[in-house]
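Chain residues, written in single-letter form:
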Amino acid sequence: MELSSSILLAFGLAADACAVSLSSGLTIRNIKISKAIKIALFFGIFQAIMPLIGWLAGLGIRSLVLSYNHWIIFAILSFLGGKMIFESFEDSDDEKPKFNCLEIYTLIALSIATSIDAFAAGLGLSILKSSILLTATTIGFITFTLSFIAVYIGHFCGDMFKQKVELIGGGSLIFLGTKILIDALV
């Protein structure tokens with residue numbers, strides 16, 4: 001996978017983590033850099049690990065779907081992107097967390113929940129026979145950086161940007177899936 005495609009994929013996959021980071025920033029009373037780093041590290045690490053797990057799982061089924069892999073990737077990324085776009089229009093007033101976003105168990109649960117899409121992307125990358133290490137590292141780094149920034153934005157600006165983040169992320173995933181499909185068909 002090209003670096004530009006990896007970056008685009010990373011931005012799309014980071015959208016859920018950014019949205020949760022924005023919401024987490026709302027709940028933190030005394031913002032400190034260590035709190036933002038803690039949240040960003042959890043999201044970044046899980047977003048980097050889950051594509052690796054998906055990629056390894058995909059090795060077993062790669063030979064079965066090699067001839068129509070581009071359609072599978074297109075379907076997975078379009079579904080994930082469409083889901084994110086749909087969720088960006090849902091009313092989010094009731095989604096403000098009523099829990100401590102800095103507790104380890106809460107961060108693990110949020111990190112897993114926001115990185116399921118990254119697992120699916122890793123599965124697709126395995127089918128495409130793409131190199132995973134650079135892509136997973138890129139996904140983790142971009143997710144960490146954006147989540148760190150999002151905690152502060154959430155703390156200072158509220159959740160007015162959440163819808164736009166999910167909308168752009170969903171659009172990026174659909175665009176990437178469409179690009180892969182067109183490249184394979186041309």
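Residues numbered from 1 in each chain as written. Predicted model: local features only at pLDDT ≥ 70, side-chain atom pairs only at ≥ 80, totals over all residues. Heavy atoms only, no water.

Applicable threshold: UniProt positions are given in the numbering used here, feature names are shortened, and annotations may be inferred rather than shown by experiment.
Per an unreviewed UniProt entry, the chain carries the name Putative manganese efflux pump MntP and comes from Calothrix parasitica NIES-267. Regarding the chain, the relevant UniProt record gives this comment under Function (unreviewed entry): "Probably functions as a manganese efflux pump." Note on the chain: under the UniProt heading Subcellular location (unreviewed entry), the record states "Cell membrane".

## Remarks on the overall build of the chain
Short version of the rule: Strands are runs of DSSP state E lasting at least two residues, helices are runs of H or I lasting at least four, and both sets are numbered from the N terminus onward. Note on classification: 1.4 Å probe, protein chains only; a residue is buried when its accessible area is under 20% of the maximum for its type, exposed when over 50%, partly exposed between these limits. Contact criterion: two residues are considered in contact whenever any of their non-hydrogen atoms come within 4.5 Å of each other. With residues, only the protein chains shown are counted as cover, and all accessible areas are computed by Shrake-Rupley using a 1.4 Å probe.
Regarding its fold elements, the chain presents 7 helices and 0 strands. Start at the N end of the chain and walk to the C end: the helices and strands fall as α-α-α-α-α-α-α. Relative to its 186 residues, the chain shows a buried fraction of 47%. Sequence-distant contacts, at least 24 apart, represent 94% of the contacts inside the chain between residues at least 6 apart. Within the structure as shown, the chain displays about 9200 Å² of accessible surface, and the carbon and sulfur contribution to it stands at 71%.

## Section: the confidence of the model for the chain
Inclusion rule: The predictor attaches a confidence to each residue, and that confidence, scored 0 to 100, is pLDDT.
Looking at the chain as a whole, the pLDDT averages 82, with 86% of positions reaching at least 70. When the elements of the chain are averaged for pLDDT, helix H3 (residues 62-65) gives the smallest value, 67, and helix H2 (residues 33-59) the largest, 94.

## Focus: helix H6 (residues 133-157)
Where we set the bar: Here the expected length of a helix is defined as 1.5 Å per residue gap, with one fewer gap than residues.
In a regular helix each residue adds 1.5 Å, so 25 residues correspond to 36 Å; H6 covers 35 Å between its end C-alpha atoms and thus fits that length. Among all positions in H6, only Thr-135, Ala-136, Thr-138, Ile-139, Gly-140, Ile-142, Thr-143, Ser-147, Ala-150, Val-151 and Gly-154 are buried.

## Some thoughts on the nonpolar core
Which entries qualify depends on this criterion: The nonpolar core is taken to be a set of buried Ala, Val, Leu, Ile, Met, Phe, Trp, Tyr and Cys residues, with the residues joined through side-chain atoms within 4.5 Å.
Residues Leu-9, Leu-13 and Leu-77 are the most contacted members of the largest nonpolar core, which totals 16 residues. The set of elements that each furnish at least two residues to this core consists of helix H1 (3-27), H2, helix H4 (69-88), helix H5 (104-127), H6 and helix H7 (162-185). Core analysis: the next-biggest nonpolar cluster, separate from the first, contains 14 residues, Val-20, Ile-39, Phe-42 and Leu-102 among them.

## Section: a nonpolar patch on the surface
What counts, and what does not: Without a salt bridge and with relative accessible area above 30%, a residue can belong to a patch; like charges are then joined within 9 Å and nonpolar side chains (Val, Leu, Ile, Met, Phe, Trp, Tyr) within 5 Å. The salt bridge criterion pairs a side-chain nitrogen of Lys or Arg with a carboxyl oxygen of Asp or Glu, the two atoms within 4 Å.
On the surface, Ile-33, Ile-37, Leu-41, Ile-45, Ile-49 and Ile-53 cluster together into a nonpolar patch covering about 490 Å² of accessible area. With respect to the helices and strands, the residue Ile-37 is situated in helix H2. With relative accessibility at 31%, the residue Ile-37 sits in the partly exposed group.

## Focus on the UniProt feature "transmembrane region" (unreviewed entry) in the chain
Residues annotated by UniProt as "transmembrane region" (unreviewed entry) correspond here to residues 6-28, 40-62, 68-86, 107-127 and 133-153. From the first C-alpha to the last, residues 6-28 spans 32 Å; its make-up is 96% helix and 0% strand. A distance of 30 Å separates the end C-alpha atoms of residues 107-127, which is 100% helix and 0% strand.

## Thoughts on the pattern of salt bridges
Side chains that carry opposite charge are capable of pairing whenever their charged atoms lie near each other. Inspection of every chain in the model, using the stated rule, returns 1 salt bridge. As a salt-bridge pair, Lys-179 and Asp-183 come within 3.2 Å of each other at their nearest N and O atoms. One end of the pair, Lys-179, and the other, Asp-183, are both in helix H7, 4 residues apart, so they sit about a helical turn from each other.

## Focus: the environment of Leu-80
When you line up the elements, Leu-80 lands in helix H4. Classification of Leu-80 by relative accessible area gives buried; the value is 6%. When the C-alpha positions of Leu-80 and Ala-118 are compared, they lie 9.9 Å apart, and in sequence the two are 38 residues distant.

## As for the packing of H1 against H5
Note the following rule: As a rule, the C-alpha atoms of each element are fitted with a line to give its axis, helices using only the stretch in contact, and angles between N-to-C directions run from 0 to 180 degrees. Throughout this description, any angle smaller than 35 degrees is read as roughly parallel, any larger than 145 degrees as roughly antiparallel, any in the 65 to 115 degree range as roughly perpendicular, and the remainder as oblique. Note on convention: the crossing is left-handed when the near helix lies turned anticlockwise from the far helix by less than a right angle, right-handed when the turn is clockwise. All amino acids are sorted into three groups, where Ala, Val, Leu, Ile, Met, Phe, Trp, Tyr, Cys and Pro are nonpolar, Asp, Glu, Lys and Arg are charged, and the leftover types, Gly among them, are polar.
Where H1 meets H5, the axes come as close as 8 Å, and the angle between the chain directions of the two elements is 170°. When the axes of H1 and H5 are compared, the pair comes out roughly antiparallel. H5 is crossed by H1, and the crossing has right-handed handedness. Contact residues: Leu-9, Leu-13, Asp-16, Ala-17 and Val-20 in H1; Leu-110, Thr-114, Asp-117, Ala-118, Ala-121 and Leu-125 in H5. Classifying every residue of the contact of H1 with H5 gives 8 nonpolar, 1 polar and 2 charged.

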